[in-house]
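Reading the structure
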Amino acid sequence: MISAYINILFIFVLMFIGYFLTYKQWFSNQIGDAFSKLVLQIALPCNMFLTITKNFSRSEFLQLVGGTVIPLLSMLLTFAISFAYRRIFQITPARKGIFTTMFTCSNTIFIGLPINLAIFGEQAVPYVLLYYIVNTTLFWTLGIYFIASDNPQIEQAKVSFHLVPILKKIFSPALMGFLIGLCAVLLNINVSDSIATFFSYLANLTTPLSMFVIGIIVYNVGIKNLTLNKDIIGVIMGRYILSPLIVWLLGQWISVPPLMLSVFIIQAAMPVQNSVPILARSYDADQQFAASSLGYSVLLYLAYIPLLLKLIL
C-alpha cells in the first residue's frame, strides 16, 4: 500500500513539474500540444503494442474480451443517472450536455494509464485498454453529441456530428497500436528483441509527457480562476462517487478477475477528460465550466486516490 502511494506521489510530482515549468515559461500551450501529439501518436501506440505483445498469449487475451461488459454497462448507467441528477438538482440549462459528458467519461489515458501502472504494474495495462476502448467510443459518440447539444443553434450543432471525424477519434493511433499488437498476438507473431527495445524507448515517454500535459492544462486554466458551484460539485460526485460505485456493484454481479475489477474501478474514478474544454470552445458551449471542472477534478484527485485505494486494495 505504501509503495503504491509513493508511486502515485511521484506521478503527481511530474504534474507539478509541468505546472512549475509552465509558470517559468519553459512550457506553453504550443509545447503542451506538441507533448499531447507525441504521447497520443507515438509514445502511447508503442506502449500499447509492446504491452499486449509482451504480456499476453492468444488464449489469455481471448479470456479478457468478456470483461468489456462492465465498463459498457457502467457508463451507460452513469449517462442515465446524469439525466436524473441534472433534473433533480436543476443543472444550468446551457451546460446540461457538457455536464452529462463530464459526469460520465473519465481521463483514462493521460492520468488513468500512469496511475494504474504505478499501482498495479504492467499487468494492469490490458485492463486499462479495455476500459479505454469503451470510454473513448462513448466519449466520441454520445459524449460529443451532448456537448454539441449545448450550442444554442442546435441544428447547426447536430450537423457537426459527422461520422468520419468521430471514427478517426475512436480509431486513434493508440488504439491502432493496440489492435496491431493484438493481431500479432492472435497470429502468434514474435516481436524481435531489437524492435521491442526501440519501441520501449518511445513507450517510456508516455508517463512523464502525459503528466506534463496535465500540469500545463491546470496552469493555463488558472487556479485563481477556478469557480466552485453546485454544477461542478455534481461533476465531482459523478466522477469520484457514482461512477466507481456502479462499476463495483456490477462487479458483484458479473464475475471478472479481481485485478480487472480493481483497474476498472480506478479507471471509472478518474478526473474529467482533458479534451472537454477544447470541445466546449469548438461547439460554443460553456468553456469556463468545463475548464473549472477539469481543474477541480485534477487537484482533488491527489487527496481522493489514497481514500479509494484503501477501499479496493
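Description of the structure in this document. Here the residue index of a chain counts from 1 through its sequence in written order. Local features in this predicted model are restricted to residues of pLDDT 70 or higher, and side-chain atom pairs are both shown and tallied only at a pLDDT of 80 or more, whereas totals for entire chains, interfaces and linings draw on every residue. Each side-chain value is derived from all of the structure's non-hydrogen atoms; neither hydrogens nor water enter the calculation.

Take the overall build of the chain next. Assigned secondary structure in the chain consists of 16 helices and zero strands. Values of the radius of gyration come from C-alpha atoms, whereas the globule rule sets the reference at 2.2 Å times the count of residues to the power 0.38. A compact globule built from 313 residues would reach a C-alpha radius of gyration of about 20 Å, and the chain, at 19 Å, matches this within 12%. For the chain, buried positions account for 52% of its 313 residues. Note on contacts: a residue pair qualifies if any of its non-hydrogen atoms lie within 4.5 Å across the two residues. Long-range contacts, defined as pairs at least 24 residues apart, comprise 87% of the intrachain contacts of the chain with a sequence gap of at least 6. Shrake-Rupley sampling with a 1.4 Å probe provides the accessible areas, and residues are treated as covered by the protein chains on show and by no other component. Accessible area for the chain stands at about 14500 Å²; split by element, carbon and sulfur atoms hold 66% of it. Each charge class in the chain was averaged separately, 16 positive and 9 negative side chains, and the resulting centres sit 5 Å apart. Secondary structure elements follow DSSP: runs of H or I no shorter than four residues count as helices, runs of E no shorter than two count as strands, and numbering proceeds from the N terminus. Note on exposure labels: buried denotes an accessible area under 20% of the residue type's maximum, exposed denotes more than 50%, and partly exposed covers the range between, all computed with a 1.4 Å probe on protein chains only. Charged residues are defined narrowly, with Lys and Arg counted positive, Asp and Glu counted negative, and His plus the chain ends left uncounted. Lysine's charge is taken at NZ, arginine's at CZ, aspartate's at CG and glutamate's at CD.

A pair of aromatic rings is counted whenever rings of Phe, Tyr or Trp (Trp by its six-membered ring) have centres within 6.5 Å, and the orientation is called stacked for planes under 30 degrees apart, edge-to-face for over 60 and tilted otherwise. Taken as a whole and judged by the stated rule, the model has 20 aromatic pairs. Taken together, a centroid distance of 5.2 Å and an interplanar angle of 85° make the contact between F27 and F35 edge-to-face. Of the two residues, F27 and F35, neither departs from the other in class, the shared state being buried. Every member of this aromatic cluster is reached through a ring pair, and the members are F12, Y240, Y301 and Y304. Should the NZ of a Lys or the CZ of an Arg lie within 6 Å of a ring centre and within 35 degrees of the ring normal, that charge is described as sitting over the ring. Positioned over the ring face of F289 is R95, at 4.4 Å from the centre of the ring.

Within an α-helix, residues lying three or four positions from one another point in the same direction, as the helix has 3.6 residues per turn. Of all nine residues making up helix α6 (residues 112-120), eight are buried, and the element is well covered by its neighbours. Inspection of α6 places G112, L113, P114, I115, N116, A118, I119 and F120 among the buried residues, and these make up the whole buried set. Packing partners of the buried residues in α6 comprise α1 (2-23), α2 (29-55), α7 (125-148), α12 (206-221), α14 (258-268) and α16 (287-312). Taken from the residues just after α6, G121 is the one with a positive phi, measuring 85°.

This part covers the nonpolar core. Side chains of a nonpolar character, in soluble globular proteins, are inclined to be buried together. Here the nonpolar core consists of buried residues drawn from Ala, Val, Leu, Ile, Met, Phe, Trp, Tyr and Cys, with membership extended through side-chain atoms lying within 4.5 Å. One finds I98, I115, I266 and Y301 to be the most contacted residues of the largest nonpolar core, which totals 99 residues. It is α7 that contributes the most residues to this core, 15 residues altogether. Apart from the residues within four sequence positions on either side, I115 is in contact with I8, I11, F12, I266, M270 and Y301.

Packing of α2 against α7 brings their axes to within 9 Å, and their N-to-C directions diverge by 125°. Classified by the angle their axes make, α2 and α7 are oblique. When the axes of α2 and α7 are compared, the crossing they make is left-handed. Of the residues in α7, those in contact with N47, M48 and T51 of α2 are V125, P126 and L129. Side-chain classes are defined by residue name, with Ala, Val, Leu, Ile, Met, Phe, Trp, Tyr, Cys and Pro counting as nonpolar, Asp, Glu, Lys and Arg as charged, and the others, Gly among them, as polar. Of the residues assigned to the contact of α2 with α7, the class counts are four nonpolar, two polar and no charged. Here the axes come from fitting lines to C-alpha atoms, over the contacting stretch only for helices, and the angles between their N-to-C directions go from 0 to 180 degrees. Angles below 35 degrees are treated as roughly parallel, those above 145 as roughly antiparallel, those between 65 and 115 as roughly perpendicular, and all remaining angles as oblique. Crossing handedness: left-handed means the near helix sits turned counterclockwise from the far one by under a right angle, and right-handed means the same turn made clockwise.

Moving on, we get to the environment of M48. Position of M48 among the secondary structure elements: in helix α2. The spacing of M48 and L129 is 81 residues in sequence and 8.1 Å in space, taken between C-alpha atoms.

Bringing unusual backbone geometry into the picture now. Even without glycine at this site, Q25 takes up a positive phi of about 65°. Even without glycine at this site, Q90 takes up a positive phi of about 50°. As for its position among the elements, Q90 is in the loop between α4 (69-88) and α5 (96-104).

As a further point, take α7. A helix's residues, less one, multiplied by 1.5 Å, set its expected span. Taking 1.5 Å as the rise per residue, α7 with 24 residues should run 34 Å; its terminal C-alpha atoms sit 32 Å apart, in good agreement. Bending is quantified residue by residue as the angle between axes fitted to the seven-residue window ending at that residue and the seven-residue window starting at it. At F139, α7 shows its largest bend, some 40°. The buried fraction of α7 amounts to 19 of the 24 residues, a majority that puts the element mostly inside the structure.

It is worth spelling out the environment of G66 at this point. You can see G66 is positioned in the loop between α3 (58-62) and α4. The exposure class assigned to G66 is exposed, which follows from its relative accessible area of 51%. Taking C-alpha positions, G66 is 16 Å from L186, a pair spaced 120 residues apart along the chain.

Glancing now at the side chain of N107. With respect to the secondary-structure elements, N107 resides in the loop between α5 and α6. Given the relative accessible area of 1%, N107 is considered buried. Those residues within four positions of N107 in sequence are excluded, and the remaining contacts are G112, I214, M270, P271, V272, Q273 and N274.

Let's shift gears to a nonpolar patch on the surface. On the surface, a cluster of nonpolar side chains totalling about 540 Å² of accessible area is made up of I2, I6, L9, F10, V13 and I17. Take L9: it is sitting in helix α1. Residue classification places L9 among the partly exposed residues on the basis of a relative accessible area of 45%. Residues qualify for a patch when their relative accessible area is over 30% and they have no salt bridge, like charges being joined within 9 Å and the nonpolar side chains of Val, Leu, Ile, Met, Phe, Trp and Tyr within 5 Å. For salt bridges, the criterion is a side-chain nitrogen of Lys or Arg within 4 Å of an Asp or Glu carboxyl oxygen.

Note that all results are geometric; they support no functional claim without further evidence.
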